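Structural characterization, general
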Amino acid sequence: MTVQTFTPSATKAASENTVTQPTHTTDVSMKKLYIETQGCQMNEYDSHRMADLLGDSHGYVLTTNPNEADILLMNTCSIREKAQEKVFSELGRWRKLKEQNPDLVIGVGGCVASQEGDNIQKRAPYVDMVFGPQTLHRLPQMLDQHQAQVEKPKKEKIKLVDISFPDIEKFDFLPEPRVDGFKAFVSIMEGCSKYCSFCVVPYTRGEEVSRPLDDVLAEIAGLAEKGVREISLLGQNVNGYRGETFEGGICTFPELLRLVAEIPGIGRLRYTTSHPLEFSDELIQCYRDLPQMVSHLHLPVQSGSNDVLQAMKRNHTIDVYIDKIAKLRKVRPDMHLSSDFIIGFPGETDEHFAETLQFIKDLDFDHSYSFVYSKRPGTPASELPDETPEQVKKDRLAQVQQVIKQSSIDKTDAMLGKIERVLIEKVSDKDPNLLIGTADNTRLVTFIGDAAWVGRFAEIEITEIKTLNLVYGELLNLEPDVA
Ligand code: SAH
Ligand code: F3S
């Protein structure tokens, strides 16, 4: 079997760059906006909201070509040092574009903006606007302010930096999301209050704040009406969701899932990401009761060693994780489980590492992500003595990745002969008789069918394994449209 790069849609590694894609063709006379997105799905969601916002307020249309853009926005990630360095090297390229076109507007948002604030403009003075993950809804005003002071002498200009955390205000100012296809992300909360000792998120995105229940439900109902069939609920720690209800009560994450599952049209539900500690029995019961919930869970554990977990301040042991997964697999025996691992955390010994390797094999994970520990300024772990040589960490990472790769190959191979529920997403570009959909475990499934079925769910028997992320099958049953 050939191995291809595997990027499960629900769990993109926080290291890739994406360019936010236009959903419609552009007219040459229109003002153009280019957005580069780094990092997690929260950033991807935010980038789409920025595009919707500036489209509505100033008529900008998205372009995938930075050379023809009137405004360039970078939505940055600071989870690891490498991601942060990328920001300044990319900005160096944008500087050249600004030299050719002095009217070009450059904005930097996301977690690096949040962490660095005015330092961004100290290091890159050609940046016009700096905004954080919680203030992106103020972009139209910032842009107006920028334009109002373009002609002013330098010393009269005010610096356009807004990286505050004005609670959940952002969502009140965002326009209705535009729909592209049958899948959509919906952000249900911002920030994280877990304060794992290695992580910058609580500092860059703030503490957990949940969106009110009615806002979330209304957004999903609107998406379903526009044809969306699969929803991915987003947050750094979604099972910490505590959304205010209309009556002034509190809705928990499992309660939210039950309400979303009742919305007509929503045939599939995913979420990312949750913390093992709050992976509750109520949540496991949702897997028992709600057929819309996929048999795929990304539940980051970070290490297979109790000593390391303690130093990471994850506040649970390996046994707690194992018990929860055992309970989950009891109600969903076909559950695909993936995770994140940090390798080379300060103090990780050969023995600790061996425990992690064994743990990955024992838990029978599907495709997971693994990263070498990166020291982040301001986090408690950055104070810990770290004596493991870089080369040892790299060797450990290579070993972990080998085990992970093999287990995802095994998981794809095991699909042969099984029946998968697939959301049919499109007709193949190569053959109009072939349809392409996604299985619960995010593998692409190709089978013979009718273009009219696109947007519906089907049961497909898998007949051939093509690559790590692509299988072929035959239609067994086409579900009626869920709308
Ligand atoms: N709950 C969030 C966690 C965000 S960070 C989510 O999974 O979406 C994503 C992953 O990045 C973490 O699970 C962790 O494995 C990794 N990570 C975070 N901080 C890191 C650091 N300092 N060094 C290396 N990897 C890190
Ligand atoms: Fe980071 Fe831990 Fe929250 S990894 S996002 S502090 S759960």
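In this text the structure is predicted, and so the values were computed from the model without any measurement.

The local shell around ligand 2 consists of C192, K194, Y195, C196, F198, C199, V201, P202, Q236, H275 and R314. For the shell around ligand 2, the per-class residue count stands at seven nonpolar, two polar and two charged.

So, about the site of ligand 1. Taken together, 14 residues are adjacent to ligand 1, and Q236, T273, Q302, D340 and S374 come closest. Between ligand 1 and the protein, one listed contact pairs a nitrogen atom with a backbone N or O atom of F198 at 3.1 Å. Contacts to ligand 1 include S374, whose backbone N or O atom sits 2.8 Å from a nitrogen atom. Against a free-state accessible area of 540 Å², the protein chains account for coverage of 89% of ligand 1. Contributing elements (two or more residues each) for the shell around ligand 1: β17 (340–343) and β18 (369–372).

A separate point is the pattern of salt bridges. With the rule as written, the count across this model stands at 26 salt bridges. One salt bridge in this structure joins R396 and E348, with 2.7 Å as the shortest N-O distance. Taken as a pair, R396 in helix α13 (residues 390–413) and E348 in the loop between β17 and α12 (350–363) lie far apart in primary sequence, 48 residues in all. Side by side, R396 and E348 carry an identical accessibility label, which is buried. Residue D350 pairs with R396 through a salt bridge whose shortest N-O separation is 2.9 Å. A residue pair is termed long-range when its members are at least 10 positions apart, and D350 in helix α12 and R396 in helix α13 qualify at 46 residues. Relative accessible area serves as the criterion here: at 52%, D350 is assigned to the exposed category. Residue R396 is classed as buried on the basis of its relative accessible area of 5%. Within this structure, E230, R268, R270 and D440 form a network of salt bridges that share partners.

A few words on the sheet that holds strand β22 (residues 457–467). Strand pairing in a sheet is mediated by backbone hydrogen bonds. Such pairs are either parallel or antiparallel. Within the closed barrel, the five strands sit side by side as β19-β20-β21-β23-β22. Their pairing is mixed. Between one strand axis and the next, the sheet turns by 50° as a mean value, whatever way the strands run.

Here we come to the side chain of N239. Secondary-structure assignment places N239 in the loop between β11 (230–234) and β12 (242–244). Note on N239: relative accessible area 5%, which makes it buried. Setting aside its immediate chain neighbours within four residues, N239 contacts F253, S274, H275, E278, F279 and L283.

Let us look at the packing of α12 against α13. At a minimum axis separation of 10 Å, α12 and α13 run at an interaxial angle of 10°. As summarised for this structure, α12 and α13 are arranged roughly parallel, according to the angle between their axes. Seen from α12, the contacting residues are D350, F353, L357, I360 and K361; seen from α13, they are R396, Q399, V400, V403 and I404. Class assignment for the residues of the contact of α12 with α13 results in six nonpolar, one polar and three charged.

Before going further, it helps to examine the side chain of S114. Its location among the elements puts S114 in helix α3 (residues 110–116). Accessibility expressed as a relative area gives 10% for S114, which makes it buried. Excluding residues that lie within four positions of it along the chain, S114 makes contacts with P133, I163, F165, Y203 and T204.

Turning next to unusual backbone geometry. Excluding glycine, residues mostly carry a negative phi; peptide bonds, for their part, are mostly trans. Here the bond from T272 into T273 is cis, since omega is 0°, no more than 30 degrees from zero. The residue T273 is located in the loop between β14 (268–272) and α9 (281–289) in this model. You will see that Y195, though not glycine, has its phi angle at about 50°, which is positive. Tracing the sequence through the fold places Y195 in the loop between β9 (189–190) and α6 (201–204). Y195 gets classed as partly exposed once you look at its relative accessible area, which sits at 31%. At Q302, a position not held by glycine, the phi torsion is positive, near 80°. By the element assignment, Q302 lies in the loop between β15 (296–298) and α10 (306–311).

Rules and cut-offs
- Residues numbered from 1 in each chain as written.
- Chains lettered and ligands numbered in written order.
- Predicted model: local features only at pLDDT ≥ 70, side-chain atom pairs only at ≥ 80, totals over all residues.
- Heavy atoms only, no water.
- Near = heavy atom within 4 Å.
- Nonpolar A, V, L, I, M, F, W, Y, C, P; charged D, E, K, R; others polar.
- Polar contact = N/O pair within 3.5 Å; in protein donor to acceptor, adjacent residues only side chain to side chain.
- Areas by Shrake-Rupley, 256 points an atom, 1.4 Å probe, with all protein chains shown as cover.
- Helix = DSSP H or I, 4+ residues; strand = E, 2+ residues; numbered from the N terminus.
- Salt bridge = Lys/Arg side-chain N within 4 Å of Asp/Glu carboxyl O.
- Buried < 20%, exposed > 50% of the residue type's maximum accessible area, 1.4 Å probe, protein only.
- Pairing = 2+ DSSP bridges.
- Axes fitted to C-alpha atoms, helices over the stretch in contact; angles between N-to-C directions.
- Contact = heavy atoms within 4.5 Å.
- Parallel < 35°, antiparallel > 145°, perpendicular 65-115°, else oblique.

Interpretation in functional terms is not warranted from these geometric data alone.
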